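# What the coordinates show
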Amino acid sequence: MLTSKDAQLLLDLIEHGVCVNKPNLDVLRPLGIWHLSNDQQSLIASQLFVKLRQSLPTSQDALAAIVATQAEYQTAWSKIIAAQLKDAGSRQDDDALVEQISLLGSAAGSVLTQLDVASLQATDFADIESLVFGQGAEQNASYPKLLRALATAATMNNDHVGVDELSQINIENTSAAWQAHRLIQMPCAIHSKPGKGNGVYLLTGNVSPIESESDMQNSLAWLLQHPWAYLLAQVAYAQDIWRSEQIAGGLRLEIDPTQAKYFMQPSQIQVIVTTRDDLEVSCGTLAELLLRVLDSLDISLFSELTADQQVTKLDAALAPVIGCMVEAKVWQFVQGSSKDIPHYQINPQFEPVPNTRLGTIGFARPGQHITAAIREQAERWAIELSGRIRRVR
């Protein structure tokens, strides 16, 4: 049976993406909410786990749903809900009864089997209930959370057979660092020490400005240490390759002319894609493109935010990182003219780096799947939107 210490470990998993592996937690393995570290000592949050958190208001709600998948908790909490339903029935409060049963969803059937033993007495799980509900499950304040916990638990798949293993992130092994099932933290352009789990199994969001002179070796080392900088460098590289082919199509990263003086921290970068049939499509923001690319790589943003909220937050979080890219002379800002909108492109100093021996080994070759994904997603995005434009016309 799960204990309050086990529940605290799960809360660490929810909030930090990593927790210590303990034998008691093995009963939750079929839920598929984690990956194992190669040494079996750590649990790393899975994409399924992140989606669970995103579907619920708080970390405690996610924890309650996980605990509610276990029979002893499910039974005890079902008795409390059954007692509340009986009370609504005795008051002939049909609206409340229908609403509560509706909120239970597919958990309603198992709750209704507890009507004969319904009880509002305190359970034997006060420690865990205090952690997930803030008070005992029998308290009225816990009731909405109980409904949500059991309803969510009933939807969780309980037959995941295998658990993928993830290796620790080694900046010298880019391909392994950007492997499928990874989580990446929201970018954070500040000087700070890594937090719990940062850069060990999750791609860190920390981006510190380059400290040394931005020559080829220093620039590559800086990119490898900062996943978001590495990804943005790949965007500029993909853009440069596309342009060098001198065929139809291309990618531009533009900002509104009124934002030109804020080019080191733009509020938003617009992605403009030219299709192979020479149709120029304003697709959306840089954050939207990057989220599409990450999704195609089977890498998820480690965030409690929903998809729409992620775009807004990511655009804002990327703003100071753009300045770091310019300072490192990986990106270049082009002021533009009356006929040319201000935009970003690969810096001439960095442009030849991917084709050098060191750049091929450390950047171009291990990141070729990322480069390909950027172009593929940009083209696909433009085609999707151009198709809608034509249908409207």
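Structural data are supplied above this passage.
Throughout what follows, the structure given in this document is the object of discussion. These figures come from a predicted structure and were not determined experimentally. (Residues numbered from 1 in each chain as written. Predicted model: local features only at pLDDT ≥ 70, side-chain atom pairs only at ≥ 80, totals over all residues. Heavy atoms only, no water.)

This part is about the overall build of the chain. Helix and strand counts for the chain come out as 15 helices and eleven strands. Dimensions along the principal axes, computed over C-alpha positions, put the chain at roughly 75 × 55 × 35 Å. A sequence separation of at least 24 residues applies to 64% of the contacts in the chain between residues at least 6 apart. For the chain, the separation between the mean place of its 29 positive charges and that of its 43 negative charges on side chains is 5 Å. (Helix = DSSP H or I, 4+ residues; strand = E, 2+ residues; numbered from the N terminus. Contact = heavy atoms within 4.5 Å. Lys, Arg positive; Asp, Glu negative; His and termini not counted. Charge placed at Lys NZ, Arg CZ, Asp CG, Glu CD.)

Should the charged atoms of two oppositely charged side chains come close, the side chains can pair. Applying the stated criterion across every chain, the model contains ten salt bridges. A salt bridge links Glu254 to Arg252; the shortest N-O distance between them is 2.8 Å. For Arg252, a relative accessible area of 26% gives the class partly exposed. The shortest N-O distance in the salt bridge between Glu379 and Arg276 comes to 3.0 Å. One end of the pair, Glu379, is in helix H15 (residues 368-392); the other, Arg276, is in the loop between strand E7 (270-274) and strand E8 (280-285), with 103 residues separating them in the sequence. Members of the salt-bridge network, linked through shared partners, are Arg252, Glu254 and Asp340. (Salt bridge = Lys/Arg side-chain N within 4 Å of Asp/Glu carboxyl O. Buried < 20%, exposed > 50% of the residue type's maximum accessible area, 1.4 Å probe, protein only.)

Let's shift gears to unusual backbone geometry. It is generally the case that most residues other than glycine have a negative phi and that most peptide bonds are trans. For Gln40, which is not glycine, the phi dihedral falls at a positive 65 degrees. If you trace the backbone, Gln40 turns up in the loop between strand E2 (34-37) and strand E3 (42-45). On the basis of relative accessibility, which here comes to 33%, the residue Gln40 falls in the partly exposed class.

Moving on, we get to the pairing of E7. Counted residue by residue, E7 has four buried out of five residues, so it is predominantly covered. In terms of strand pairing, strand E6 (residues 250-254) meets E7 through five bridges, oriented antiparallel. Pairing of Leu251 across the sheet is with Val273, part of E7. Of the strand pairs in this sheet, E7 and E8 are connected by five bridges, and their pairing is antiparallel. Paired with Thr274 across the strands is Glu280, a residue of E8. What sits between E7 and E8 in their antiparallel hairpin is a turn of five residues, with Asp278 showing a positive phi close to 65 degrees. (Pairing = 2+ DSSP bridges.)

Counted under the stated rule, the structure contains ten aromatic pairs. Taken together, a centroid distance of 4.6 Å and an interplanar angle of 10 degrees make the contact between Phe263 and Phe333 stacked. On the criterion of sequence distance, the pair formed by Phe263 in the loop between E6 and E7 and Phe333 in strand E10 (residues 331-334) is long-range, its members being 70 residues apart. The exposure class assigned to Phe263 is partly exposed, which follows from its relative accessible area of 26%. Members of the aromatic cluster, each reached through a chain of ring pairs, are Trp178, Tyr230, Tyr237, Phe350 and Phe363. (Phe/Tyr/Trp six-rings, centres within 6.5 Å; stacked < 30°, edge-to-face > 60°.)

The next subject is the packing of helix H4 (residues 71-90) against helix H8 (residues 143-155). Two measures define how a pair of helices packs: the angle their axes make with one another and the distance between the axes. One can describe the packing of H4 onto H8 by two numbers: an axis separation of 10 Å at closest approach and a directional angle of 125 degrees. Relative to H8, the element H4 is oriented oblique. Two packed elements cross with a definite hand, and for H4 against H8 that hand is left-handed. Where H4 approaches H8, its residues Gln74, Trp77, Ser78, Ile80, Ile81, Gln84 and Leu85 are matched on the opposing element by Tyr143, Leu146, Leu147 and Leu150. Grouping the constituent residues of the contact of H4 with H8 by class yields eight nonpolar, three polar and no charged. (Axes fitted to C-alpha atoms, helices over the stretch in contact; angles between N-to-C directions. Parallel < 35°, antiparallel > 145°, perpendicular 65-115°, else oblique. Left-handed = near helix turned anticlockwise from the far one by under 90°. Nonpolar A, V, L, I, M, F, W, Y, C, P; charged D, E, K, R; others polar.)

All right, on to the sheet that holds strand E4 (residues 165-166) then. Two modes of strand pairing occur in sheets, parallel and antiparallel, and in both the strands are linked by backbone hydrogen bonds. Spatially, four strands are ordered E1-E3-E2-E4 in an open sheet, and the strand pairing comes out mixed. Two strands lie at the open edges of the sheet, namely strand E1 (18-20) and E4, each paired on one side alone. With respect to the sheet, helix H1 (residues 4-16) is in contact with E1, E2 and E3, its orientation differing from that of E1 by roughly 160 degrees.

As for its placement among the helices and strands, Gln70 is situated in the loop between helix H3 (59-67) and H4. Classification of Gln70 by relative accessible area gives buried; the value is 14%. Apart from residues lying up to four places away in sequence, Gln70 is in contact with Leu2, Val27 and Leu28.

The five strands lie next to each other as E8-E7-E6-E11-E10, forming an open sheet whose pairing is antiparallel. Taken across any chain shown, the strands that pair with only one partner, and hence form the sheet edges, are E8 and E10. Within this sheet the neighbouring strands show an average axis-to-axis angle of 35 degrees, counted without direction. The strands touched by helix H12 (residues 286-296) are E6, E7, E8 and E10; relative to E8, the strand with the most contacts, the crossing angle is about 85 degrees.

Core analysis: the biggest nonpolar cluster contains 68 residues, and Trp178, Trp222, Leu223, Trp228 and Trp331 have the highest contact counts within it. Broken down by element, the residue count for this core peaks at eleven residues, all from helix H11 (residues 227-244). When near neighbours in sequence (up to four residues on either side) are disregarded, Trp228 contacts Ile184, Gln185, Met186, Pro187, Thr204, Gly205, Val207, Leu290, Leu294, Leu301, Leu314 and Leu318. Residues Ile33, Ile44, Ile66 and Val67 belong to the second largest nonpolar core, which totals 58 residues. (Core = buried A, V, L, I, M, F, W, Y, C linked by side-chain atoms within 4.5 Å.)

With respect to the helices and strands, Gln239 occurs in helix H11. Beyond its immediate chain neighbours, meaning those up to four positions away, Gln239 contacts Leu251, Arg252, Leu253, Tyr344, Gln345 and Ile346.

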